[in-house]
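# Structural features, examined
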Amino acid sequence: MASQLIDGNKAVIVGALYAGCDCFFGYPITPASEILHEASRYFPKVNRKFVQAESEEAAINMVYGAAGAGHRVLAASSGPGMSLKQEGITYIAGAELPCVIVDICRAGPGLGNIGPEQSDYNQACKGGGHGCYHNIVLAPASVQEMCDLTRKGFDLAFKYRNPVVILADGVLGHMVEPLEYPKDAFVPVIDPTWAVAGSAETRGNLITSIELNFDEMERHNYKLQEKYERIRKNEVAWEGYRLEDASVVLVSYGISSRIARSAVDAARKAGIKAGLFRPIALFPFPVNALRALAERGCKFISVEMSDGQMREDIRLATGCKPVGLVSRYGGNLIGMESVLSKIKEVA
Amino acid sequence: MAAVEKVIGGHPGMYATFPRKGGAAPTATHYCPGCGHGILHKLIGEAMADLGIQDRCVVISPVGCAVFAYYYLDCGHMQAAHGRAPAIATGISRAENDSIVISYQGDGDLGSIGLNETIQAANRGEKLAVFFVNNSVYGMTGGQMAPTTLIGEVTATTPTGRDPQEQGYPIHICELLDTLKAPVFIERASLSDIEHIRKARRAVKKALEIQRDKKGYAFVELLSPCPTILRMDAKAIANFVNEQMEKEFPLKRFRDRSGEAGSINRAESDFSQEALDKAFGCESGVCVQFQDDPEFVAKGVKIAGFGGQGVLSMGLALAQASFGSGRYVSYYPDYGPEQRGGTSNCSVVISGQPIGSPVVDHPDVLVAFNRPSLEKFAPTVKKGGLILYDSQAGSFQAPDGVRAISVPATGIAEERGIPQAANTAMFGALMQAGNLGLPREAYGNAFKVTFAKKPKLIPKNLDILEAGAHAARVLEMSSKK
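Predicted, not measured: the structure shown is a model, and the values here were computed from it.

### Comments concerning the overall build of chain A
When helices and strands are counted, chain A shows twelve helices and 16 strands. Taking 20 Å as the expected radius of gyration for a compact globule of 347 residues, we find that chain A reaches 20 Å, a close match to that expectation. Based on the C-alpha atoms only, the size of chain A along its principal axes is roughly 70 × 50 × 40 Å. Residue burial in chain A is summarised as follows: out of 347 residues, 64% are buried. A separation of at least 24 residues holds for 77% of the contacts in chain A among residues at least 6 apart in sequence. Surface exposure of chain A reaches about 11700 Å², of which carbon and sulfur atoms provide 51%. For chain A, the distance from the average site of its 37 positive side-chain charges to the average site of its 39 negative ones is 5 Å.

### Focus on the nonpolar core
Side chains of nonpolar character tend, in soluble globular proteins, to be buried together. Among the nonpolar cores identified, the biggest contains 160 residues, and A:Ile13, A:Leu74, A:Leu250, A:Phe300, A:Ile343, B:Phe219 and B:Phe280 are the most heavily contacted of them. Those residues in contact with B:Phe219 that lie beyond four places of it in its chain are B:Leu110, B:Val130, B:Phe132, B:Ile173, B:Cys174, B:Leu177, B:Phe185, B:Ile186 and B:Glu187. Judged by nonpolar contacts, the second largest core, of 51 residues, contains B:Val407, B:Ala409, B:Phe447 and B:Ala469.

### Some thoughts on helix H14 (residues 422–433) of chain B
All names here are of chain B. Taking 1.5 Å of rise per residue, the twelve residues of H14 would be expected to cover 16 Å, and the 16 Å separating its terminal C-alpha atoms lies within 8% of that figure. Burial runs high along H14: twelve of the twelve residues are buried. Among the residues of H14, those classed as buried are Ala422, Asn423, Thr424, Ala425, Met426, Phe427, Gly428, Ala429, Leu430, Met431, Gln432 and Ala433. Positive backbone phi, approximately 55°, marks Asn435, located one or two places after H14.

### What to know about the packing of helix H9 (residues 254–269) of chain A against helix H12 (residues 336–346) of chain A
All names here are of chain A. Between H9 and H12, whose axes approach to 9 Å, the crossing angle comes to 50°. On the basis of the axis angle, H9 is oblique to H12. Between H9 and H12 the crossing geometry is right-handed. Packed against H9, whose contacting residues are Ile259, Ser262, Ala263, Ala266 and Ala267, the element H12 presents Met336, Val339, Leu340 and Ile343 at the interface.

### Remarks on H9(A)
All names here are of chain A. Its 16 residues give H9 an end-to-end C-alpha distance of 24 Å, which sits within 8% of 22 Å, the value for a rise of 1.5 Å per residue. Judged by how many residues are buried, H9 sits mostly within the fold: twelve of 16 residues are covered. All buried positions along H9 are accounted for by Gly254, Ile255, Ser256, Ser257, Arg258, Ile259, Ala260, Ala263, Val264, Ala266, Ala267 and Arg268. Two residues or fewer after H9 comes Gly271, characterised by a positive phi angle close to 85°.

### Here we look at the pairing of strand E6 (residues 113–116) of chain A
All names here are of chain A. In terms of strand pairing, strand E5 (residues 99–107) meets E6 through two bridges, oriented antiparallel. Across the sheet, the residue bridging to Ala107 is Asn113, located in E6. Turn length for the E5-E6 hairpin, with the two strands adjacent in sequence and antiparallel, is five residues, and the turn residue Gly110 shows positive phi of about 65°.

### Here's the deal with the interface of chain B and chain A
On the chain A side, the residues contacting the 69 residues of chain B number 80 residues. Summing both sides of the interface, chain B and chain A together bury roughly 5900 Å²; the carbon and sulfur share of this comes to 61%. Inspection of the region where chain B meets chain A yields four salt bridges. A salt bridge links A:Arg203 to B:Asp55, with the nearest nitrogen and oxygen atoms 2.8 Å apart. Inspection of the region where chain B meets chain A yields 30 residue pairs in polar contact (both at pLDDT 80 or more). Of all the secondary-structure elements, those providing two or more residues to the side of chain B that touches chain A are strand E2 (76–79), helix H2 (85–95), helix H4 (115–124), helix H9 (273–279), helix H10 (311–324) and strand E9 (328–334) of chain B. Top element by residues in the side of chain B that touches chain A is H2(B). It accounts for seven residues. A per-class count over the side of chain B that touches chain A returns 35 nonpolar, 20 polar and 14 charged. Relative to E2(B), strand E10 (residues 206–207) of chain A runs parallel, the two being bridged by two bridges. Counterpart to A:Leu206 in the pairing with E2(B) is B:His77.

Analysis parameters
Residues numbered from 1 in each chain as written. Chains lettered and ligands numbered in written order. Predicted model: local features only at pLDDT ≥ 70, side-chain atom pairs only at ≥ 80, totals over all residues. Heavy atoms only, no water. Helix = DSSP H or I, 4+ residues; strand = E, 2+ residues; numbered from the N terminus. Rg over C-alpha atoms; globule rule 2.2 N^0.38 Å. Buried < 20%, exposed > 50% of the residue type's maximum accessible area, 1.4 Å probe, protein only. Contact = heavy atoms within 4.5 Å. Areas by Shrake-Rupley, 256 points an atom, 1.4 Å probe, with all protein chains shown as cover. Lys, Arg positive; Asp, Glu negative; His and termini not counted. Charge placed at Lys NZ, Arg CZ, Asp CG, Glu CD. Core = buried A, V, L, I, M, F, W, Y, C linked by side-chain atoms within 4.5 Å. Expected span 1.5 Å × (residues − 1). Axes fitted to C-alpha atoms, helices over the stretch in contact; angles between N-to-C directions. Parallel < 35°, antiparallel > 145°, perpendicular 65-115°, else oblique. Left-handed = near helix turned anticlockwise from the far one by under 90°. Pairing = 2+ DSSP bridges. Buried area = accessible area lost by both parts, 1.4 Å probe. Salt bridge = Lys/Arg side-chain N within 4 Å of Asp/Glu carboxyl O. Polar contact = N/O pair within 3.5 Å; in protein donor to acceptor, adjacent residues only side chain to side chain. Nonpolar A, V, L, I, M, F, W, Y, C, P; charged D, E, K, R; others polar.

Put into structure tokens, the structure is as follows:
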């Protein structure tokens with residue numbers, strides 16, 4: 001299969017188009033703008049639909065419309081834009097529409113800056129908008145995964161009729177690595193059982209999230225919760241590196257996991273049995289696998305560019321074991337040496 | 001409860017009964033007696049049925065009293081967040097070329113929280129019919145001031161009447177949209193009484209004819225009675241609309257360009273793999289197999305200089321050379337605030353195994369095109385590492401245990417008539433002295449990819465590459481003597 005050297009943001013567009021994504025709606029924001037640029041370049045080449053929206057809110061509502069019509073739809077943004085999109089995302093979750101939203105996380109809070117951070121973990125994984133709902137959240141750690149997980153995101157979005165967030169950061173968006181192109185192109189078909197596509201067969205359908213009757217609304221919530229349970233059961237995804245005999249386990253996702261991986265090798269050279277646990281899906285969180293490691297007596301360090309947002313999930317998964325934290329903020333990457341010294345401290 | 005009081009079920013374009021609504025009166029609406037919504041529903045239903053377009057229609061219901069339009073109109077439905085209907089409409093219309101999209105909105109929804117979406121969808125000329133119910137007040141949320149509330153009108157949030165000094169003036173949406181080029185049709189009508197409803201019926205039908213023919217954006221504002229919230233009887237509310245509202249919002253056909261407008265058609269999406277492979281230029285794709293090679297010592301290269309010195313393109317060329325040699329490689333451009341200040345840098349990691357961090361903090365090789373970059377990054381170079389710097393940076397004492405070579409890269413490029421190719425000369429020096437473990441031909445081959453769009457430049461750059469390598473070889477030999 002063909003390979004090219006491309007950056008992570010473009011790899012998202014490759015993954016989406018080979019996954020049969022039909023529409024892209026976006027608004028400029030650094031460091032996610034390249035996804036918008038590449039979409040404007042490649043979507044029209046194959047007659048797919050591209051609109052630069054007037055705002056983040058408009059963009060996510062265009063997603064709602066086209067997803068409601070049964071199409072595969074992609075949006076991309078970064079922290080401040082994701083905050084604005086939360087209204088639309090909760091409506092999408094409530095109306096059970098499938099879509100993929102890429103978050104190229106930047107430093108916050110507020111306007112922050114355009115450097116990388118992983119501080120959108122909570123707003124991606126915990127709902128983010130009002131009401132009880134979850135996004136499926138996938139965390140790529142390479143250019144290849146930017147493509148592959150975007151494609152997988154569409155499959156999951158349609159399998160569960162649920163929004164999927166690809167949670168990445170400014171480094172993954174801008175770094176260039178070899179990409180092996182997808183081996184086939186998916187040809188989507190509109191599902192007439194729920195879509196509202198302006199056609200005879202979908203005329204009787206309705207996309208909505210309003211329900212005035214309290215009991216009906218409660219039933220809808222139970223139905224959503226059952227769906228999230230199915231997702232928790234079926235869609236856990238993680239990767240281990242040198243975990244077999246590890247006594248110190250780094251838990252890390254995205255770009256930080258690459259640095260953590262280097263730290264594992266350095267620790268091993270120094271005679272410490274370190275390993276890396278990399279969640280690929282952040283929701284559902286790999287609770288059982290982490291619990292098993294905790295029961296084996298492993299010590300844990302969360303390596304993430306946030307105030308320990310993921311660490312809280314690790315604590316819950318490991319039965320409130322102490323979990324160390326190595327973090328940086330403000331656009332700074334975590335240095336390999338600081339991870340290594342934390343490993344030495346914990347070991 | 002007697003269903004006969006406000007029956008509209010069974011009307012053309014509407015469901016015979018309203019099971020989505022539920023309750024005891026299966027053919028009665030939930031609207032108050034005297035409300036304009038029921039009338040407008042009938043007009044829309046009738047026009048859809050007359051034009052035979054119900055299969056193609058998707059109605060987007062707003063937040064407000066008409067949030068349940070889907071109880072009644074016999075077509076596809078989506079319910080929207082407050083104010084976002086025109087954006088949702090855009091999504092449907094772009095995705096489905098043959099759909100007919102109807103955005104049904106009230107004054108708070110359209111003119112306040114959703115004003116941006118309203119204007120922008122109109123300005124794009126979306127294939128969309130917007131029916132704007134203006135009753136001068138928020139209905140469902142309890143009678144608060146709307147953007148169209150009249151001066152002096154008492155509402156829940158203007159208890160002493162709307163005061164323009166505090167709350168500004170009523171917004172005239174038709175007039176606002178009439179400043180835009182793209183809309184095909186704009187009209188303001190009224191639902192106050194039989195005579196007005198007849199005219200409104202024609203405007204509604206016209207807007208949907210335009211949609212049937214895919215001609216673009218049509219906007220119909222309807223002044224509408226809200227007797228419950230405004231606490232008026234049937235006669236008083238009709239008078240209020242006819243006399244007070246009409247005075248502020250004159251009834252008028254602002255625009256009808258349906259005669260000259262052509263239909264808008266968007267081509268069908270191409271989902272074939274052939275089309276995608278062609279678009280991405282990978283039909284005759286390179287197939288590179290990466291094989292783990294633990295013997296290969298990983299190398300980190302940092303390249304830094306002023307913007308415009310080709311720092312990033314040299315990094316990409318090195319990445320391409322590594323890629324072409326079947327090595328694992330990552331390239332990362334530092335896009336921090338420095339970029340705006342004029343300096344930039346990038347990291348390239350070359351390895352025989354999957355790469356950890358793509359950011360090089362301690363390079364094996366530093367390439368510096370200017371003095372500030374040299375001074376900033378030289379102390380970070382590994383012991384035993386190498387610094388290649390442009391001779392123009394001046395004389396420089398390398399840190400202990402680090403070798404430094406002053407390469408006349410700018411001079412070489414200028415001599416050969418391409419001053420901007422200093423990075424190519426430096427690339428040659430890197431090929432010669434970098435000891436990165438890549439075959440020599442990989443460097444030149446990289447140009448075939450990086451200059452794919454300007455193949456004429458390849459021979460000249462290969463010449464400069466060799467000249468850069470030669471200069472480095474001479475300098476290396478002289479330093480050994």
